[in-house]
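Chain residues, written in single-letter form:
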Amino acid sequence: MKEFKRKNQLLSLCGLNCGLCPMFLGKYCGGCGNGKSSCKIAKCSLEHGNIEYCFECKNYPCAHYQYVDEYDSFITHKHQKKDLKKAQRIGIKQYNLEQKEKIQILSYLLSNYNDGRRKNFFCIAVNLLEVSELQEVMKLLQSNVELSLLPAKERSLYVVNAMKEIAERRNIEVRLRRKSRKDDV
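Everything quoted here is computed from the prediction, not taken from an experiment. (Residues numbered from 1 in each chain as written. Predicted model: local features only at pLDDT ≥ 70, side-chain atom pairs only at ≥ 80, totals over all residues. Heavy atoms only, no water.)

**Here's the deal with the side chain of Gln80**
- Assignment of secondary structure puts Gln80 in helix H3 (residues 80-90).
- Within the structure, Gln80 has its side chain in polar contact with the side chain of His77 (distance 2.8 Å).
- Not counting chain neighbours up to four residues away, the residues in contact with Gln80 comprise Cys14, Gly15, Leu16, Tyr65 and Val68. (Helix = DSSP H or I, 4+ residues; strand = E, 2+ residues; numbered from the N terminus. Polar contact = N/O pair within 3.5 Å; in protein donor to acceptor, adjacent residues only side chain to side chain. Contact = heavy atoms within 4.5 Å.)

This is the structure we're talking about:
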């Protein structure tokens, strides 16, 4: 969709945290408005005066959001509406600052604790956990002097378990929800 352009590549029009998406990180997606695929919500934005975020629309939340958090794509949709509400409440500038900190943490985790099988897990966990919780994980990693001596798989598992423990405290499921074949019927 050539007419649709975005300035903010960290938070999409619809509330996805694109900066934390494995497709965006791997440079397989140019981000909202810069990718090759079309988006029905981008088309809707153009029809409603080229709004930057759906919460700016007088019709929000509309039918596009009715089932948005039931299934995930490459990035989790679990907090999509919640994240839009937060961005509206604290402002885009502050929201982006939080996202940049999350991106730094995610980059660190991927560089130092990804055993080759944890990219999606780290992307989802960083997306769903609060910055303060991620800082808690980072402090835990920095305080464990023996962690660097472990093999990559064990280091990775240590981080995964720490993140899962925090997620469980908040009753957050840290995995993608996929549509099953029977849901397609």
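**Observations regarding H3**
- Burial in H3 covers these residues: Gln80, Asp83, Leu84, Lys86 and Ala87. Seen from one end, H3 has its buried residues packed into an arc of 160°, which puts them on one side. Exposed side of H3, more than 90 degrees from the buried face: Lys85 and Arg89 are the residues found there.
- Among the structural elements, helix H4 (92-113) and helix H5 (119-128) are those in contact with the buried residues of H3.
- Gly91 sits one or two residues past H3 and shows a positive phi near 95°. (Buried < 20%, exposed > 50% of the residue type's maximum accessible area, 1.4 Å probe, protein only. Arc of directions from axis to C-beta.)

**Things to note about empty space enclosed by the protein**
- Using the criterion set out here, one finds one cavity of 30 Å³ or more in the structure.
- Of the voids in this model, the largest cavity is the one considered here, and its volume is about 60 Å³.
- In terms of lining, the largest cavity is formed by Ile41, Cys44, Ser45, His48, Ile51, Cys54, Cys57, Asn59, Tyr60 and Cys62.
- Here the lining of the largest cavity is built from residues that sort into seven nonpolar, three polar and no charged. (1 Å grid on protein atoms, 1.4 Å probe; cavity = no way out; pocket = protein on both sides within 12 Å on 5 of 7 lines; lining within 4 Å. Points joined across faces, edges and corners; volume = space filled by probe spheres on them. Nonpolar A, V, L, I, M, F, W, Y, C, P; charged D, E, K, R; others polar.)

**A short note on the confidence of the model for the chain**
- For the chain, per-residue confidence averages 87 on the pLDDT scale, and residues scoring 70 or more make up 91% of the total.
- When mean pLDDT is compared element by element in the chain, H4 scores highest at 96, while helix H1 (residues 22-25) scores lowest at 84.
- Counting interchain partners and residues more than four positions distant, the pLDDT-below-50 stretch residues 180-185 has two contacts. (pLDDT = per-residue confidence, 0-100.)

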